[in-house]
Structures are given as structure tokens and as C-alpha cells.
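Here's the letter readout for the chains.
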Amino acid sequence: MQDIHDHPAGGRRQFLKCMAWAGAGTLWLMKSGVLHAQPLGAGTSGTAKDASFSFVQISDSHIGFHKAPNMDVAATLRQSLALINAQGSRPAFVLHTGDLTHLSKPEEFDTLSGLMQEAHVGRTFYVPGEHDVIGDNGAEFFRRFGERQQAGGWYSFDQGGVHFVGLINVLNLRAGGLGSLGVDQLAWLKNDLAGLSPDTPLVVFAHMPLWPLYPSWGWGTDDSAEALSYLRRFGSVSVLNGHIHQIQQKVEGTITFYTARSTAYPQPPPGVGPGPGPLQSVTADALHRYLGIRDVRHVRGVDALAVTDEVLS
Amino acid sequence: MTAVAALRAVCTLMVMVALCGMDRSAVAADASPPKGVKVYQVDIRNFAFAPKALTVPQGAHVVWTNRDEEPHVVTSAGSLFASSKALDTSDSYGVTFSKPGTYTYYCSIHPMMVGTIIVQ
């Protein structure tokens, strides 16, 4: 990655290397009940030592997408997964926060499954993105990747004293609306959290942002405020989302919100340009540099993205 | 899907089947228009339907074409006509509207995209 500006036309190999760095994923380190984020592949052996455990978040692999700026999304996902295995200490599990596929096609799910199996990254938890539920309300997704705890597909589990909750906010969307959790899921969430002590660290993950990040582009969830009201009594809450193909971070009281990059392609910052499509207005060479700059800043300029109120974009 | 949601989906399906049985001519979803019928275009561009509202005469055939790099799905609010499959770039979907009324539709994966067909 170093001296990326000196090699603006480094070719496909260099490009894929950049993409892997740029969109690889996030290594989450749990330290004393507080999550610390770090871009995957940033040289984590030192900082990971005092973490009680770690996990990796990847997102928006969009298998089936084959246009500018990424003609080979399988290759960039493969590179991301290779970085997971390159970690000094093995992450406890991987979270995929949705949009596994581009069009919910069986062959796209097949490719995703194959890549995950081939990489041997271990236990992986999934939540669907809106691209994974086209035409069948997610039947195929849930058949292959569902946790089967609840009929609606949402679930929770515990790891190292931390309570993890996987929510689904891409189904039963109404015209003119945003993401949706629905009354059944909200009732379940309330009940799922009811028995927990407020000092239990929580990690809640779903595909679409669970806060109104940029509603006019659909970046939010209609009934997220209700869900958040159940979370506020807890001392350490991390909300992890995908969907917007870029890092955005925000703190509200004890709740830290974080959106992950895509392993496939970037999207524009909120409100920049006519819509939230793939950022493809740049040539492949310019994209190199663009992604390279973003990488270098995050990888080299910031040792660890601690939970702060800084907006990282 | 919860049992309630599943039941709801089945009920919706039954209602749709019943509606189809009662009035086959209300709406027909098809890629190619019937002969001699005027075709109206709606472009899907930059995560919006253009035109957003379209008034057509009874019997008109409306064709949506996706000009975005993102896929979109044309979905009738209230299931008054059949949804499209996922429309990839340059894919089209056509519906013949043979019954007057106001048909609101949206993209089921980007629900902030809303449009209306008014059939007179």
C-alpha cells in the first residue's frame, strides 16, 4: 500500500490490493466491555493483546455485481477473507452485515457460500440486506444463512459476556418508507433484553443504519427509535450496520453507531451526487488513488479507531 | 417470517388469485404490449421514477426501464398489479392498465422511490 501515489497505473493486482485494503472489513476488539474498531490488516498484533476477544465485520459483498468500479467482487471478497486469516489472534467469529448478493440469485448465494467455505474463516453470522430478499422475502437467504432462532429470522447470542443481537430491517418495507423492524421484532427485542443487567455490553447489528443517517437516500430505519429506546439503559452499546458502503460513526449517549465499508465498491458520501449508486464516475486509475488515499489515512494515520465522537468518512 | 406474516402473505396471495379470477382484464403484467396499444415510458434513473406521476388513458401499456447501475423492483402498493422481478441495468417491465384508477408503486428494495400511474 505504501507509495500508492507513485504507482498510479499499477494494474489490476495493485487495484485489487487497494480494494482489499479499502473495503476489507473491520476488526472489532472487545476491551473491558467497550468495542474498539480497527481496519482489517492494519497490523493488529500489538493492540489485540489486551482484548478479551475480537470479531470481524464484513459487509456488502454484492456477489453478482460486475460493473465499474469493480468487475470482480468475488476477488475482493476473497482478499478480505484472506486478511481475516492473517490476523495474529483468531477472531471469535465473523459478522456479515448484509447484501451478500446483488440480486438474490441462487448462483450468487452459491458463490458467496463457496468463498466463505474456501476461506475457512470459521463461524459466521449473517443478516440480510435488501439485495438478498428480492422476489422471495428472503426465503433463500434464510434457508442458507438463517440462524433459525425465531420465525422472523432475528436472533441473539452471547460471547465472552457480551450480548449480540442480529436484527432484520429489510423486509416488509412500505412505499415512501425506510428500513423497517416491525412490531413483532420490536416485541421480541424488548423481551430479549429484559433480563439483562445494564452493565452487559451489547452489540446490535443489522443491514440498514439504525439511525436516520440520510433518509432521503433511504439510509435509516423507520422504527429504529423504538429499538434504541430499549438500548439506552445499557452502559455500552455498539450498533453495527452496512448498506452505505462507507464508514460513518456517531455517538449518542452510551450508544455508538458504526457503518462498515463494502468489500465490493464504495458509494458517495451522504447527499453528494444524484443518488446512492456505485461510485463509478471515476476511472479505474483515479479510483486507485481515491481508495488509496482513504486507506492510508485510516490505516496509517489512525492507530486504532477507538469509540469516539469523530465522524470518519 | 412469523406465522402471522406468513398467513398474511398467503391471504394476500389468495386475495390476488381471487381478484384475478373475478376480473382478469383489470391489469396485465407483460413485457410486450398488446398490438395497437399505446406504450408509455417511465425511466428509473438516479433512484427516482421519471416521470414521478404519469396519467394515461384506460388500456395503456406502461413500460419501466432501469437506467441505473443499481437494480430496482417495481412494486404496486396494495398489490394492484404484479411486481417486477429485480430489474438490472437496461431491464424493462411492462404493465397494461385496463381499469381506471390511481396506482401507487414503489421500489421494494429502495422504498423511498415512489411513483404513481393515474389511469383515466
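Here, the structure is the one placed above.
Residues numbered from 1 in each chain as written. Chains lettered and ligands numbered in written order. Predicted model: local features only at pLDDT ≥ 70, side-chain atom pairs only at ≥ 80, totals over all residues. Heavy atoms only, no water.

## Concerning the sheet that holds strand 4 (residues 94-96) of chain A
Residue and element names in this part refer to chain A.
Move 1: Sheet architecture is open: five strands sit in the order 2-1-3-4-5, paired in mixed fashion. Strand pairing shows two members of the sheet lacking a second neighbour, strand 2 (34-39) and strand 5 (124-126), which therefore form its edges. Along the sheet, successive strands turn relative to each other by an average axial angle of 25°, direction set aside.
Move 2: Direction of pairing for strand 3 (residues 53-58) relative to strand 4: parallel, over a ladder of three bridges. Pairing of Gln 57 across the sheet is with Leu 95, part of strand 4. (Pairing = 2+ DSSP bridges. Helix = DSSP H or I, 4+ residues; strand = E, 2+ residues; numbered from the N terminus. Axes fitted to C-alpha atoms, helices over the stretch in contact; angles between N-to-C directions.)

## Things to note about the environment of Thr 254 of chain A
Residue and element names in this part refer to chain A.
Move 1: Along the chain, the position of Thr 254 falls in the loop between strand 10 (248-252) and strand 11 (255-259).
Move 2: Note: C-alpha distance between Thr 254 and Phe 234 (20 residues apart in sequence) is 7.3 Å.
Move 3: If near-sequence neighbours (up to four positions away) are discounted, Thr 254 is found in contact with Arg 232, Phe 234, Gly 235, Ser 236 and Val 237.
Move 4: Only 2.9 Å separates the side chain of Thr 254 from the backbone oxygen of Phe 234, close enough to count as a polar contact. (Contact = heavy atoms within 4.5 Å. Polar contact = N/O pair within 3.5 Å; in protein donor to acceptor, adjacent residues only side chain to side chain.)

## What to know about the pairing of strand 5 (residues 60-66) of chain B
Residue and element names in this part refer to chain B.
Move 1: With seven of seven residues buried, strand 5 lies mostly within the body of the structure.
Move 2: Residues Ala 60, Val 62, Trp 64 and Asn 66 line one face of strand 5 and the alternating positions His 61, Val 63 and Thr 65 line the opposite face, and both faces are buried.
Move 3: Pairing between strand 2 (residues 39-45) and strand 5: six bridges, direction parallel. Its bridge partner being in strand 5, Asp 43 is matched across the sheet by Thr 65.
Move 4: With six bridges joining them, strand 5 and strand 7 (residues 92-97) adopt antiparallel strand pairing. Note on strand 7: the bridge partner recorded for Val 63 is Gly 94. (Buried < 20%, exposed > 50% of the residue type's maximum accessible area, 1.4 Å probe, protein only.)

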